[in-house]
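# Examination of the molecular architecture
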Amino acid sequence: MIRHILTVSTGTLASRTLGFIRDALIAALLGAGPIADAFLVAFQFINVTRRSFTEGALNAALVPHYLRVRESEGAVAAAAFAGRVLGSVSLILIGIALVLTLLMPLVITVLAPGFVGRETLQFAIDDARLMMPYFAFVGPSIVMIGVLNAEHRFMLTAFSPVLFNVTMIVVLVVLLVWRRDPLFSATVIAGAVGVAGCLQMLILIQRRPWRDGIATPIRISFDPQIRGFLRKGIPGMVANAGPQFLIVAGAIIASSTPAAVSWLYFANRLIELPLGMVGVAMGTVLVPELTRAIRSGDRKALMQAESRGAELATALVLPATLGLILLSEPIIRVLFERGAFTPADTVATAQALSILALGLPAHVLVKVLAPAFFAREDTKTPLAATLLGIATAVVCGLFFGHAYGASGVAASISLGAWFCAAVLAWRGAATFGFSIDATARRRLPRIAMCAAAMGAMLFLAESFVSPVTATAGFAAQITILGGLVAAGVSFYGLLLDLFGVVSWGEAISNLRDGGLRG
């Protein structure tokens, strides 16, 4: 299971790294003004849809259904079910795209009420309409990703999003060389989103599930089996996209403050790196593992999956959270401060990042807890928790956003994430209980101590070099930041080994042996 999680995490890391490059180029082209706000509201709308379907979300709905049909009716019936899902979901999404294109003025007004009465509203409407063709390609992609994950084929599904970002980066580089104005650039970038989605679908088609007989024949059908899948699938997809919906809720509140949408967007991009590496990987791998353990009644396998998932999530998210808080300003300066993105934008974005990072452990906790419900085909509880978290974020945001601007909205998003995690933990403990083995109970406190020690070291090191970093050139800044990150990672890894949490030599050997067997 750990090897599969690392495969998905590596693919997500590659995609997120390219995403940083993409967003750095967007910041340089558009800055943080009204044109950037308009584009990012539209792009965020597409991104939420993309991630709610692709990044592990469909596992919550498709994998348990697919595995249940395969176990009870055989591989042929499971393949036919997957083929019907593929055709039906594709048709539904194309229909949604057509309706949204017509209703886009209303959609953007809801997503960004602060744009009403400003030219930013029309910019956002135009950009969003240009992005709508993406919906025509996301349907086949999400079903192929879900089926391949159910069959434990994670490599292609983990790396397919890379092509989306590569396509966007090529377009952005051309625009930077061409030196066109921000409005024209935003229009071209918006049109490129659909092209990128098409290429992502094509790379999945090269490894078509129906070639292997696991998603065929392709049919459009709304029989009782498909209707049952949709009834449970839609809540699961919404629940899996909880972090993205929280950001959307924050953007709605922040839209009345100039540039606040842009600051929150770029800050959230840093949050999505560890969230993607840990949270998405957990959602992708844990659901099939837990589903098999629950269906076979294997209590030991269930406990082992929950324990190793909790350990890995904690070991990765705690140092990431501390690193983002302590290094927020140098990170934002290195990644985004160039072109139209000013030093003032860096300070505001870094403040929002520090506060958003406080909610990162909660986001990952949700990704660890939710698969236990999805594996039991309970998508309503995670949905309810997500909606309650969003409601909390909106209510808090109305108060904090008015008083503290983008930082107040960021605080409300973090509070919403913790409320969602608390609801899931409470319901899980009351319904079926969570169990971790003795090894996890021994390791988890040690992991927390190692992360705290790393944070203290990083705080002292950053305090020492910060006067130099603020006035240094770009090459010196990136060298200093890279050195701090490398020192923090190395120190943390050493502590984990010293405290007996992990033996790196043994871990590498086990992963190598597992890769050879796989």
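Everything quoted here is computed from the prediction, not taken from an experiment. (Residues numbered from 1 in each chain as written. Predicted model: local features only at pLDDT ≥ 70, side-chain atom pairs only at ≥ 80, totals over all residues. Heavy atoms only, no water.)

## Observations concerning the overall build of the protein
Condition: Think of it this way: any DSSP run of H or I at least four residues long counts as a helix, any run of E at least two long counts as a strand, and we number them from the N terminus. For every residue, the accessible area (1.4 Å probe, protein chains only) is compared with the maximum for its type, and the residue is labelled buried under 20%, exposed over 50%, or partly exposed between those bounds. Only heavy atoms enter the contact rule, under which two residues are in contact if any of them lie within 4.5 Å. Surface exposure here means Shrake-Rupley accessible area, sampled with a 1.4 Å probe, where a residue is shielded only by the protein chains that are shown.
Along the backbone of the protein there are 21 helices and zero strands. In the protein, which comprises 518 residues, the share counted as buried stands at 56%. Taking contacts inside the protein between residues at least 6 apart in sequence as the whole, the part at least 24 apart equals 85%. By element, 70% of the accessible surface of the protein is carried by carbon and sulfur atoms, the whole surface being about 20100 Å².

## Some thoughts on the environment of Ser255
On the secondary structure map, Ser255 appears in the loop between helix 12 (242–254) and helix 13 (260–296). Residue Ser255 is classed as buried on the basis of its relative accessible area, which comes to 1%. A C-alpha to C-alpha distance of 8.4 Å links Ser255 and Leu111, two positions 144 residues apart in sequence. Once residues lying within four places of it in the same chain are set aside, the contact partners of Ser255 are Ala112, Pro113, Gly114, Phe115, Arg118 and Val261.

## As for the packing of aromatic side chains
In plain terms, the rule: Working definition: rings of Phe, Tyr and Trp (its six-membered ring) pair if their centres are within 6.5 Å, and the pair is stacked with planes under 30 degrees apart, edge-to-face with planes over 60 apart, and tilted otherwise. A ring is considered to have a charge above it if a Lys NZ or an Arg CZ atom is located within 6 Å of its centre and within 35 degrees of its normal.
For the structure shown, the criterion picks out eight aromatic pairs. A centroid spacing of 5.6 Å and a plane angle of 90° characterise the contact between Trp178 and Phe184, whose relative ring orientation is edge-to-face. Residue class for Phe184 comes out partly exposed when judged on its relative accessible area of 27%. An aromatic cluster is present here, built from Phe39, Phe43, Tyr265, Phe266, Phe336 and Phe341 joined pairwise through their rings. Its guanidinium or amino end placed over the ring of Trp426, Arg427 lies 5.5 Å from that ring's centre, counting from NZ or CZ.

## Examining a nonpolar patch on the surface
Here is the rule: For patch detection, residues must exceed 30% relative accessible area and be free of salt bridges, and they are connected within 9 Å for like charges or within 5 Å for nonpolar side chains (Val, Leu, Ile, Met, Phe, Trp, Tyr). The term salt bridge refers to a side-chain nitrogen of Lys or Arg lying within 4 Å of a carboxyl oxygen of Asp or Glu.
A grouping of Val394, Val395, Leu398, Phe399, Phe400, Tyr404 and Leu415 is seen on the molecular surface, where their side chains present a nonpolar patch of about 700 Å² in accessible area. Locating Phe399 in the fold gives a position in helix 18 (residues 380–431).

## Quick notes on the pattern of salt bridges
In this structure the tally under the stated criterion is six salt bridges. We note a salt bridge from Glu311 to Arg443, for which the minimum N-O separation is 2.8 Å. With Glu311 in helix 14 (residues 299–326) and Arg443 in helix 19 (residues 438–471), this residue pair connects regions lying 132 residues apart in the sequence. With a relative accessible area of 23%, Arg443 lands in the partly exposed category. Here Glu329 ties to Arg333 by a salt bridge, and the two come within 3.0 Å at their closest N and O atoms. One end of the pair is Glu329 and the other is Arg333, both in helix 15 (residues 328–336) and four residues apart, which spans about a single turn. Judged by its relative accessible area of 32%, Glu329 is partly exposed. Shared partners join several salt bridges into a network, and the residues in it are Arg22, Asp23, Arg269 and Glu272.

## Things to note about the side chain of Asp345
Among the structural elements, Asp345 can be located in helix 16 (residues 343–357). By relative accessible area, which is 10% here, Asp345 ends up buried. Those residues in contact with Asp345 that sit more than four places away from it in its chain are Ala32, Trp263 and Ala340.

## Describing the environment of Val485
When you line up the elements, Val485 lands in helix 20 (residues 474–498). With relative accessibility at 41%, the residue Val485 sits in the partly exposed group.

## Here's the deal with helix 17 (residues 360–374)
Along an α-helix, a turn takes 3.6 residues, which lines up residues three or four apart on a common side. Note the cut-off: Between the first and last residue of a helix there are one fewer steps than residues, each counted as 1.5 Å, and that sum is the expected span.
Between its first and last C-alpha atoms helix 17 spans 21 Å; for 15 residues at 1.5 Å apiece the expected length is 21 Å, and the two agree. With 14 of its 15 residues buried, helix 17 lies for the most part within the structure.

## So, helix 15
With respect to burial, helix 15 is a largely interior element, seven of its nine residues being buried. The complete set of buried residues in helix 15 reads Ser328, Pro330, Ile331, Ile332, Arg333, Val334 and Phe336.

## Notes on the nonpolar core
General note: in soluble globular proteins, nonpolar side chains tend to be found buried as a group. Just so we agree on the cut-off: By nonpolar core we mean a set of buried residues, namely Ala, Val, Leu, Ile, Met, Phe, Trp, Tyr and Cys, connected to one another through side-chain atoms within 4.5 Å. Bear in mind that the domain bounds are from an automatic or database domain assignment.
Phe39 and Ile108 are the most contacted members of the largest nonpolar core, which has 139 residues in total. With 12 residues, the single largest contributor to this core is helix 18. Three or more residues apiece are contributed to this core by two domains, here domain 1 (1–250) and domain 2 (438–514). Setting aside residues up to four positions removed in sequence, Phe39 forms contacts with Ile26, Leu30, Asp127, Met131, Ala186, Ile189 and Ala190.

## Topic: the environment of Phe400
Mapped onto the secondary structure, Phe400 falls in helix 18. In the structure, Phe400 is positioned 12 residues away from Ser412 in sequence and 7.0 Å away in space, judged by C-alpha atoms. Apart from residues lying up to four places away in sequence, Phe400 is in contact with Gly405, Gly408, Ala411, Ser412 and Leu415.

## Quick notes on the confidence of the model for the protein
Worth spelling out the cut-off: Here pLDDT means the predictor's own confidence in every residue, given as a number from 0 to 100.
On average, residues of the protein score 81 in pLDDT, and 86% of them reach the 70 mark or higher. Looking at the elements of the protein, mean pLDDT is at its lowest for helix 21 (residues 504–517), recorded as 52, and at its highest for helix 16, recorded as 92. The low-confidence segment residues 514–518 (pLDDT under 50) makes three contacts with residues lying over four places distant or belonging to another chain.

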